[in-house]
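Secondary and tertiary structure notes
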Amino acid sequence: MTELTKFPELPPVRGTLTENRDLASLTWMRVGGPADVLFQPADQDDLAQFLKALPVDVPVFPMGVGSNLIVRDGGIAGVVIRLGRGFNGISFDGDTVTAGAAALDAHVARRAAEQGLDLTFLRTIPGSIGGAVRMNAGCYGQYLADVFEGATVVTREGDVKELGADDLQFAYRQTELPEGWVLTSVRLKAPMGDPAVLQQRMEDQLAKRDETQPTKDRTAGSTFRNPAGFSSTGQADDTHELKAWKVIDDAGMRGARLGGAEMNQMHSNFLTNRDGATAADLEGLGEEVRKKVYETSGITLQWEIMRVGRSQA
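Residues numbered from 1 in each chain as written. Predicted model: local features only at pLDDT ≥ 70, side-chain atom pairs only at ≥ 80, totals over all residues. Heavy atoms only, no water.

Turning next to the packing of aromatic side chains. Per the counting criterion, the structure on display carries three aromatic pairs. Seen from their ring centres, Phe39 and Phe50 are 4.2 Å apart, and the 35 degrees between their planes marks the pair as tilted. Taken together, the residues Phe39 in strand E2 (residues 34–40) and Phe50 in helix H1 (residues 44–53) connect sequence positions eleven residues apart. Judged by relative accessible area, which is 0%, Phe39 ranks as buried. Residues Phe224 and Trp303 carry aromatic rings whose centres are separated by 5.0 Å and whose planes lie at 50 degrees to one another, so their mutual orientation is tilted. Of this pair, Phe224 sits in the loop between helix H6 (195–212) and helix H7 (244–250) while Trp303 sits in the loop between helix H8 (279–297) and strand E16 (306–308), and the two are 79 residues apart along the sequence. Residues Phe224 and Trp303 agree in their burial class; the two are buried. (Phe/Tyr/Trp six-rings, centres within 6.5 Å; stacked < 30°, edge-to-face > 60°. Helix = DSSP H or I, 4+ residues; strand = E, 2+ residues; numbered from the N terminus. Buried < 20%, exposed > 50% of the residue type's maximum accessible area, 1.4 Å probe, protein only.)

And the structure:
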């Protein structure tokens, strides 16, 4: 293991510890400063032993695939934990799907469909299944909470625990997972369906997404939660009055720019790194949008994208 200068007291691991690791390359927005230390554990035991031995004053931030995240330009203090190989397996037992927290939502949906299990709403959600649990991800009127059966976590103290829905207290785009706890695997109970029908549904969903969302731009998905308190259903009777994009449009902020950041012209609730934006550009534009929406409608938009780390000195 490479000797670390910033935290020489860090315990030995079987995985990888990297000091001053650039995080911009690990996020969809491609912005942000470095982690003091990035830890990529070999497996759950490696993670648990590391956290158990890690001094309590060292901050810990579990990071998924960076699809719903802005890392600020000053980087993240302490240890960032990123799960990879060893945490992305997917298995089936009847109608129960067990997925490692690093498994991609789209991969879980596809593999489940092959087994005749309907998790199709996950197909168009970016990110990993651990992040989907943490944020109670959802679309088309379905949420992760609807199919959640249980999860395994490693606590900040290094203990392995099993959690149920009551422990996580699912709400719209949030759960009550304690700080520093790391989800390692998730169990979902899926409705049955015909594999061919499920596959066609996912193809239709992908086509609709590509028609309405800027999937080729550098975004982190939806920027703000819908003020209505629920996701788009995708149905003909879906209301748009309290959708985030609608109140942003009403405030005249579609296409707004700050530095290299833009509220996307194709879908105004997609904050976009258009031209070499900094994290400060992106977060600053988001705050300008929130201010303008409040001035024009009295609505306070809530961030859906997580913003973490230190501002640039």
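From this point on, the discussion continues.
On to the environment of Gln49. Within the secondary structure, Gln49 sits in helix H1. Residue classification places Gln49 among the exposed residues on the basis of a relative accessible area of 52%. For the pair Gln49 and Glu157, spaced 108 residues apart in the sequence, the C-alpha separation amounts to 9.2 Å.

Not every positive phi belongs to a glycine, and Arg30 is a case in point at roughly 60 degrees. Relative to the helices and strands, Arg30 is located in the loop between strand E1 (16–22) and E2. Judged by its relative accessible area of 40%, Arg30 falls in the partly exposed class.

Attention now goes to the pattern of salt bridges. Inspection of the entire model under this criterion finds 17 salt bridges. Two residues, Arg173 and Glu304, come together in a salt bridge whose shortest N-O distance is 3.0 Å. Here Arg173 is found in the loop between helix H5 (165–168) and strand E12 (182–189), whereas its partner Glu304 is found in the loop between H8 and E16, with 131 residues between them in sequence. The exposure classification of Arg173 matches that of Glu304, with both residues buried. Across the salt bridge formed by Lys246 and Asp250, the nearest N and O atoms sit 3.1 Å from each other. One end of the pair, Lys246, and the other, Asp250, are both in helix H7, four residues apart, so they sit about a helical turn from each other. A single salt-bridge network, built from bridges that share partners, covers Asp217, Arg257, Glu262 and Arg274. (Salt bridge = Lys/Arg side-chain N within 4 Å of Asp/Glu carboxyl O.)

Next up on the list: H6. The terminal C-alpha atoms of H6 lie 26 Å apart, and with 18 residues this matches the ideal 26 Å at 1.5 Å per residue to within 8%. Those residues of H6 that fall on the buried side of the exposure criterion are Leu198, Met202, Gln205 and Leu206. An end-on view of H6 places all buried positions within 100 degrees of arc, on one side of the element. In H6, the exposed positions that point more than 90 degrees away from the buried face belong to Ala196 and Glu211. Close packing links the buried residues of H6 with helix H2 (105–114). Capping of H6 at its N-terminal end is provided by Asp194; its side-chain oxygen lies 3.0 Å from the backbone amide nitrogen of Ala196. (Expected span 1.5 Å × (residues − 1). Arc of directions from axis to C-beta. Contact = heavy atoms within 4.5 Å. Polar contact = N/O pair within 3.5 Å; in protein donor to acceptor, adjacent residues only side chain to side chain.)

Ordered by their spatial adjacency, four strands build an open sheet running E1-E2-E5-E3, and the pairing between neighbours is mixed. With one partner strand each, in any of the chains shown, E1 and strand E3 (60–63) form the two edges of the open sheet. Sheet twist, expressed as the mean angle between neighbouring strand axes with direction ignored, is 30 degrees. As defined by bridge partners, E3 adjoins strand E5 (residues 76–82) across four bridges and the pair is classed as parallel. For Phe61, the partnering residue across the bridge sits in E5 and is Val80. (Pairing = 2+ DSSP bridges. Axes fitted to C-alpha atoms, helices over the stretch in contact; angles between N-to-C directions.)

With that settled, the discussion passes to the side chain of Gln205. You can see Gln205 is positioned in helix H6. By relative accessible area, which is 10% here, Gln205 ends up buried.

Taking strand neighbours across the sheet as the criterion, the five strands line up as E6-E7-E12-E10-E11 in an open arrangement whose pairing is antiparallel. Looking at the sheet topology across the chains shown, the edges are occupied by strand E6 (90–93) and strand E11 (160–163). Put simply, the sheet's adjacent strands are angled 15 degrees from each other on average, direction ignored. Relative to strand E7 (residues 96–100), E6 is paired through four bridges, and the arrangement is antiparallel. For Asp93, the partnering residue across the bridge sits in E7 and is Thr96. Across the face of the sheet, H1 comes into contact with strand E10 (148–154), E11 and E12 while running at roughly 50 degrees to E10. Lying on the sheet, H2 is in contact with E6 and E7; it crosses E6 at an angle near 35 degrees.

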